[in-house]
Amino acid sequence: LKMEQLQKPQIICHNQKSLDYAVHDVKWIPCSAKFVAIGGKSNGAGVIEIYSLTGEDVEKKKRILDLEDTLMPIYISTAHTAVINSIDGVSGTNSGCGAPEIVTGSRDGSVMVWDVRQKDTPVAKFLPTEGTTARDCWSVAFGNSYNNEERVIAAGYDNGDIKMYDLKNMSVRWSKCVKNGVVGLQFDRKNIPMNKLVATTLESKLYCFDVRTQHPKKGFAYLTEKAHESTIWTAKHLPQNREIFMTTGGSGTLCLWKYNYPSKRVEKDSDGIPYGVIGDLSLLQNNTLSDQPITSFDWCVEKIGLAVCSAFDQTVRVLITTKLNLY
């Protein structure tokens, strides 16, 4: 390896475990060396498993097959009329701001917001316009939750629409069509005045929007990058540095990006109205882990660079990305 390559972050597969089911998502359990894998078997049975990092190994701690038995549901709803494709949560406790809420996006075209303290009915619903064909909602994300009033949801649809719903005014704050189905969305932070939003789509595209400044006509400034040579499944920002994020691809690849701000983030047009100026992205590193799509990824909040991901090859992998403390 050349010296300059070694000076860059390296994405290392620390450990991997093959499973006997299709894994749909992986998430770290806060304040622990454990993560949860969820998925499904070919006979339709759901699987939830907890794994623990023990020294060099990944050890299965618990298999929860019968949800009714060991995992008591604290919230059940049947308001959506079709499959729920995506879910995101925001907790008032971390930031001390707003209600603990969950947002769901469904094939029925609706986006619903749930307050976990209020059973049965959603606290907000964003439905397809009457008389129009409902578009499949593939991704949802909370953002802008920096005080008790402000909060927005970004929703991505199969036709390339991205809509930003303002929960304070219960209105569509902004929308844009990016031509390809929007598979993943994430704000760089949920609990700050919204700063950046990354959207990943079919056809190898990712979009990074500067959502700090909204111009009445131009909307938000943005850039687009091509990567992974296939669907980009997800973008996840590093908890310790919001300018760094990882994207995962349908070709079994990972790309590590850093956002660089322009020298001036805001300019004024001829009428004196401010508009945003976009920066650029540096590709810090990339790595091929599998010959199947990597469909989920989660950074560990407690340890910088530690992550877990899952792919369609029915394998979960624990990763270490080095040198992230240098950025």
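Everything quoted here is computed from the prediction, not taken from an experiment. (Residues numbered from 1 in each chain as written. Predicted model: local features only at pLDDT ≥ 70, side-chain atom pairs only at ≥ 80, totals over all residues. Heavy atoms only, no water.)

A. The overall build of the chain, seen in detail. Of regular secondary structure, the chain possesses three helices and 26 strands. Taking 2.2 N^0.38 as the reference for a compact globule, 327 residues should give roughly 20 Å; the C-alpha atoms of the chain span a radius of gyration of 20 Å, in line with that estimate. Taking all contacts inside the chain whose residues are at least 6 apart in sequence as the whole, residues at least 24 apart take part in 48%. Put simply, the chain shows about 15,900 Å² of open surface, and 50% of that area lies on carbon and sulfur atoms. Looking at charge distribution, the chain has the averaged site of its 38 positive side-chain charges lying 4 Å from that of its 36 negative ones. (Helix = DSSP H or I, 4+ residues; strand = E, 2+ residues; numbered from the N terminus. Rg over C-alpha atoms; globule rule 2.2 N^0.38 Å. Contact = heavy atoms within 4.5 Å. Areas by Shrake-Rupley, 256 points an atom, 1.4 Å probe, with all protein chains shown as cover. Lys, Arg positive; Asp, Glu negative; His and termini not counted. Charge placed at Lys NZ, Arg CZ, Asp CG, Glu CD.)

B. Spatial organisation of unusual backbone geometry. Phi is positive for Asn144, which is not a glycine, with a value near 65°. Residue position: Asn144 is located in the loop between β10 (137–143) and β11 (152–157). On the basis of relative accessibility, which here comes to 5%, the residue Asn144 falls in the buried class. With phi around 75°, Lys179 is a residue other than glycine that occupies positive phi space. Locating Lys179 in the fold gives a position in the loop between β13 (171–177) and β14 (182–187). (Buried < 20%, exposed > 50% of the residue type's maximum accessible area, 1.4 Å probe, protein only.)

C. Region of interest: the pairing of strand β2 (residues 22–28). As paired strands, β2 and strand β3 (residues 34–40) are joined by six bridges and run antiparallel to one another. Of the residues in β3, the one forming a bridge with Trp28 is Phe35. Taking the residues between adjacent antiparallel strands as the criterion, β2 and β3 are bridged by five residues, where Cys31 takes a positive phi near 55°. (Pairing = 2+ DSSP bridges.)

D. Structural view of the UniProt feature "repeat: WD" (unreviewed entry) in the chain. When the UniProt feature table is mapped onto this chain, "repeat: WD" (unreviewed entry) is found at residues 102–124. As a span, residues 102–124 carries 0% helix and 48% strand, and end to end its C-alpha atoms are 11 Å apart. (UniProt positions renumbered as here; feature names shortened; annotations may be inferred.)

E. Up close: the environment of Lys27. Note on placement: Lys27 falls in strand β2. Along the chain, Lys27 and Ile50 lie 23 residues apart, while their C-alpha atoms are 9.7 Å from each other. Leave out the neighbours within four places in its chain, and Lys27 touches Phe35, Val36, Lys236 and Asp298. Only 3.4 Å separates the side chain of Lys27 from the side chain of Asp25, close enough to count as a polar contact. (Polar contact = N/O pair within 3.5 Å; in protein donor to acceptor, adjacent residues only side chain to side chain.)

F. Inspection of the pairing of strand β8 (residues 111–115) at higher detail. Among the five residues in β8, five count as buried, and that is most of the element. Across five bridges, strand β7 (residues 101–106) lies against β8 in antiparallel orientation. When the sheet's bridge partners are listed, Thr104 is paired in β8 with Met112. Between β7 and β8, which pair antiparallel one after the other, the connecting turn spans four residues, and Gly109 there sits at a positive phi close to 90°.

G. Structural context of the pattern of salt bridges. Taken as a whole, this structure holds 14 salt bridges when the rule is applied. When the shortest N-O distance is used, the salt bridge between Asp158 and Arg135 registers 3.1 Å. A residue pair is termed long-range when its members are at least 10 positions apart, and Asp158 in the loop between β11 and β12 (161–166) and Arg135 in the loop between β9 (124–126) and β10 qualify at 23 residues. According to the relative accessible area criterion, Asp158 is partly exposed, its value standing at 24%. A relative accessible area of 35% places Arg135 in the partly exposed class. As a salt-bridge pair, Arg173 and Asp166 come within 3.8 Å of each other at their nearest N and O atoms. On the basis of relative accessible area, Asp166 is assigned to the buried category, the value being 5%. (Salt bridge = Lys/Arg side-chain N within 4 Å of Asp/Glu carboxyl O.)

H. Focus on the side chain of Thr104. Position of Thr104 relative to the elements: it lies in strand β7. Polar side-chain contacts of Thr104 include one of 2.7 Å to the side chain of His80. Beyond its immediate sequence surroundings of up to four residues, Thr104 is in contact with His80, Ile84, Ser86, Ile87, Ser110, Val111, Met112, Trp114 and Val140.

I. Spotlight on the nonpolar core. Ile162, Met164, Leu185, Phe187, Leu197, Phe209 and Val211 are the most contacted members of the largest nonpolar core, which has 17 residues in total. What Met164 contacts, discounting residues up to four positions off in sequence, is Val152, Ile153, Ala154, Ser171, Val172, Arg173, Trp174, Phe187, Met194, Val211 and Phe220. (Core = buried A, V, L, I, M, F, W, Y, C linked by side-chain atoms within 4.5 Å.)

J. Local environment of the packing of aromatic side chains. For the structure shown, the criterion picks out 11 aromatic pairs. Aromatic pair Trp174 and Phe220: ring centres 4.9 Å apart, planes at 65°, arrangement edge-to-face. Of this pair, Trp174 sits in strand β13 while Phe220 is found in strand β17 (residues 219–226), placing the two residues 46 residues apart along the sequence. Of the two residues, Trp174 and Phe220, both sit in the buried class. Here the aromatic rings of Phe209 and Tyr222 are separated by 5.2 Å at their centres, their planes lie at 35°, and the arrangement is tilted. Within this pair, whereas Phe209 is found in strand β16 (residues 205–215), its partner Tyr222 is found in strand β17, the two being separated by 13 residues in sequence. For Phe209, a relative accessible area of 0% puts it in the buried group. One aromatic cluster in this structure is built from Trp174, Tyr207, Phe209, Phe220 and Tyr222. (Phe/Tyr/Trp six-rings, centres within 6.5 Å; stacked < 30°, edge-to-face > 60°.)

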